[in-house]
Amino acid sequence: MRKWVVAVGAAIMLTGVSACSGDGADSADGPPVLAPGAPGESASPASQEQIDEAVEATEHNEADVEYILKMIEHHGQALVMTDLAEDRMANDDLAKIADRIAAAQGPEVEAMEAWMEENVYGPAEENPNHQGFCANGPDSGGGHHGGGGECPVNLDHSDMPGMASEAQLNELRAAEGEEFDELFVELMTAHHEGAIEMAEEATMEGKDPTVLKMANDVIAEQRADIERMEEVMG
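Rules of the game
Residues numbered from 1 in each chain as written. Predicted model: local features only at pLDDT ≥ 70, side-chain atom pairs only at ≥ 80, totals over all residues. Heavy atoms only, no water. Helix = DSSP H or I, 4+ residues; strand = E, 2+ residues; numbered from the N terminus. Buried < 20%, exposed > 50% of the residue type's maximum accessible area, 1.4 Å probe, protein only. Contact = heavy atoms within 4.5 Å. Phe/Tyr/Trp six-rings, centres within 6.5 Å; stacked < 30°, edge-to-face > 60°. Salt bridge = Lys/Arg side-chain N within 4 Å of Asp/Glu carboxyl O. Core = buried A, V, L, I, M, F, W, Y, C linked by side-chain atoms within 4.5 Å. Axes fitted to C-alpha atoms, helices over the stretch in contact; angles between N-to-C directions. Left-handed = near helix turned anticlockwise from the far one by under 90°. Nonpolar A, V, L, I, M, F, W, Y, C, P; charged D, E, K, R; others polar. pLDDT = per-residue confidence, 0-100. Parallel < 35°, antiparallel > 145°, perpendicular 65-115°, else oblique. Patch = residues over 30% accessible without salt bridge, like charges linked within 9 Å, V, L, I, M, F, W, Y side chains within 5 Å. Areas by Shrake-Rupley, 256 points an atom, 1.4 Å probe, with all protein chains shown as cover. Lys, Arg positive; Asp, Glu negative; His and termini not counted. Charge placed at Lys NZ, Arg CZ, Asp CG, Glu CD. Polar contact = N/O pair within 3.5 Å; in protein donor to acceptor, adjacent residues only side chain to side chain.

Concerning the overall build of the protein
- The secondary structure content of the protein amounts to seven helices and two strands.
- Its helices and strands taken in sequence order, the protein reads α-β-β-α-α-α-α-α-α from the N to the C terminus.
- Counting across all 234 residues of the protein, residues that qualify as buried make up 41%.
- Of the contacts formed within the protein by residues at least 6 apart in sequence, a portion of 67% connects residues at least 24 apart.

Here we look at the packing of aromatic side chains
- Overall, the coordinates contain one aromatic pair when judged by the stated rule.
- For the pair phenylalanine 180 and phenylalanine 184, a centre-to-centre distance of 5.9 Å together with 25° between the ring planes defines the contact as stacked. Within this pair, phenylalanine 180 and its partner phenylalanine 184 are both found in helix H6 (residues 177–205), separated by four residues, close to a single helical turn.
- Given the relative accessible area of 0%, phenylalanine 180 is considered buried.
- Residue phenylalanine 184 is classed as buried on the basis of its relative accessible area of 0%.

Focus on the pattern of salt bridges
- Scanning all chains against the criterion turns up five salt bridges.
- Of the charged contacts, one joins arginine 223 and glutamate 200 as a salt bridge, the two residues approaching to 2.8 Å between their closest N and O atoms. Remark: glutamate 200 occurs in helix H6 and arginine 223 occurs in helix H7 (residues 209–233); sequence separation between them is 23 residues.
- In this structure, lysine 213 engages aspartate 217 in a salt bridge whose closest nitrogen and oxygen atoms are separated by 3.0 Å. Of the two residues, lysine 213 and aspartate 217 both sit in helix H7, four residues apart, roughly one turn of that helix.

Quick notes on the nonpolar core
- Counting residues in each nonpolar core, the largest one holds 24 residues, and the members touching the most others are Tyr67, Ile68, Trp115 and Met116.
- For this core, the secondary structure elements donating two or more residues are helix H3 (62–88), helix H4 (92–126), H6 and H7.

A few points about the packing of H3 against H7
- The interhelical angle for the contact between H3 and H7, taken along N-to-C directions, is 40°, at an axis separation of 10 Å. Here the hand of the crossing between H3 and H7 comes out left-handed. Within the contact between the two elements, H3 uses Asp64, Tyr67, Ile68 and His75 and H7 uses Val211, Met214, Ala215, Val218 and Gln222.
- Classifying every residue of the contact of H3 with H7 by side-chain character gives six nonpolar, two polar and one charged.

Observations concerning the confidence of the model for the protein
- The predicted model of the protein averages 75 in pLDDT, with 60% of residues at 70 or higher.
- Note that residues 1–31 has pLDDT below 50 and, in this model, 47 contacts with residues that lie over four places away or in other chains.
- Note that residues 129–133 has pLDDT below 50 and, in this model, 17 contacts with residues that lie over four places away or in other chains.

Re the packing of H3 against H6
- H6 packs onto H3 with a crossing angle of 165° between their chain directions and a minimal axis gap of 10 Å. One finds that H3 runs roughly antiparallel with respect to H6. Every pair of crossing elements has a handedness; the one defined by H3 and H6 is left-handed. Mapping the contact onto sequence places Ala63, Tyr67, Lys70, Met71, His74, Gln77, Ala78, Met81, Thr82, Leu84, Ala85 and Arg88 in H3 and Gly177, Phe180, Phe184, Leu187, Met188, His191, Gly194, Ala195, Met198, Ala199, Ala202 and Glu205 in H6.

Focus: a negative patch on the surface
- Taken together, the side chains of Asp92, Asp93, Glu193, Glu227, Glu230 and Glu231 define an acidic patch exposed on the protein surface.
- Counting residues per element, the negative patch draws most heavily on H7, at three residues.
- Relative to the helices and strands, glutamate 231 resides in helix H7.

Overview of the side chain of histidine 191
- When you line up the elements, histidine 191 lands in helix H6.
- In terms of polar contacts, histidine 191 uses its side chain to reach the side chain of glutamine 77, at 3.4 Å.

Pasting the structure below:
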């Protein structure tokens with residue numbers, strides 16, 4: 001079934017068909033979308049229901065958007081902590097891990113922001129039926145995204161797993177040397193574990209292939225970071 005959906009989805013993108021009628025799928029602007037037959041059988045025009053199913057299968061859903069919005073904020077706090085490490089960290093090996101975390105999460109934030117622009121903010125701006133953009137976008141005020149439903153707005157970032165409180169961040173800012181190292185590892189480990197929890201949830205509830213890959217990358221990278229920090233502090 002999945003192969004059929006992918007094939008029809010590809011046909012939709014290639015032919016640019018946006019509507020059809022009856023049992024067939026004749027487009028006013030191009031050839032019909034063909035549903036592949038069984039081995040040895042010829043293809044036949046896809047029904048509107050089949051096309052709708054294929055289109056739905058290629059769109060992201062609300063879980064994808066919510067994960068990206070939250071993870072941008074989550075990664076942002078990790079970058080705050082790694083920035084503090086530059087002048088305060090005593091352990092050189094731990095400093096290399098902090099640099100590695102920053103080098104990975106900075107580009108990841110950029111990739112997530114680009115995904116939002118391409119899949120949420122841009123389509124919302126171009127759609128006259130929707131005013132404004134999604135949360136965190138220009139002219140926030142609700143928006144549109146593929147897959148149905150409203151784009152998540154006013155997300156509560158404070159309840160994200162692993163986020164350090166402002167008091168904990170202030171304590172980290174005030175620490176130096178070995179004290180900083182120990183607190184950094186404690187906070188960053190909890191932070192990574194929270195990110196892994198969010199990413200695992202996204203892999204179960206999301207559907208966009210790019211978002212799912214991002215989530216799986218987060219799981220692999222941050223588990224490795226935790227192991228490295230434990231080894232250094234062992």
